[in-house]
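# A structural walkthrough
Chain by chain, the residues run as shown.
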Amino acid sequence: MFGRRESVPFAFLSDGFHSNVTPPPRERASAGELAGRWLLGVCVVAGLVGSLVIGMPALSTDQSATGTEHSEASDKR
């Protein structure tokens, strides 16, 4: 009577249940699926590299232009 545990969600996961049925083996990916995964990976990497290349000039500071900018109108009197 006191040995019974209270029912909780997903309690069956910790009960140590072992099935005697083996799952079917995973199917191997076809050549088209492998090529698609590879192409998707290349596109993601190319997008990241491209955004880095395009964004780097905006992130860099131009050392020659700091503090020396002035208008041409101030030169003419």
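Refer to the structure presented above.
The sections below set out a description of the structure shown in this document. (Residues numbered from 1 in each chain as written. Predicted model: local features only at pLDDT ≥ 70, side-chain atom pairs only at ≥ 80, totals over all residues. Heavy atoms only, no water.)

Check the secondary structure of the protein chain and you find 1 helix and 0 strands. Relative to its full complement of 77 residues, the protein chain shows a buried share of 0%. As displayed, the protein chain offers around 8,200 Å² of accessible surface, 63% of which is attributable to carbon and sulfur atoms. (Helix = DSSP H or I, 4+ residues; strand = E, 2+ residues; numbered from the N terminus. Buried < 20%, exposed > 50% of the residue type's maximum accessible area, 1.4 Å probe, protein only. Areas by Shrake-Rupley, 256 points an atom, 1.4 Å probe, with all protein chains shown as cover.)

The first and last C-alpha atoms of helix H1 (residues 31-59) sit 41 Å apart over 29 residues, in line with the 42 Å expected at 1.5 Å per residue. Of all the bends found along H1, the most pronounced is centred on Val53 and spans about 25°, while Pro57, a proline, follows it within four residues. (Expected span 1.5 Å × (residues − 1). Bend = angle between axes of the 7 residues up to and from the residue.)

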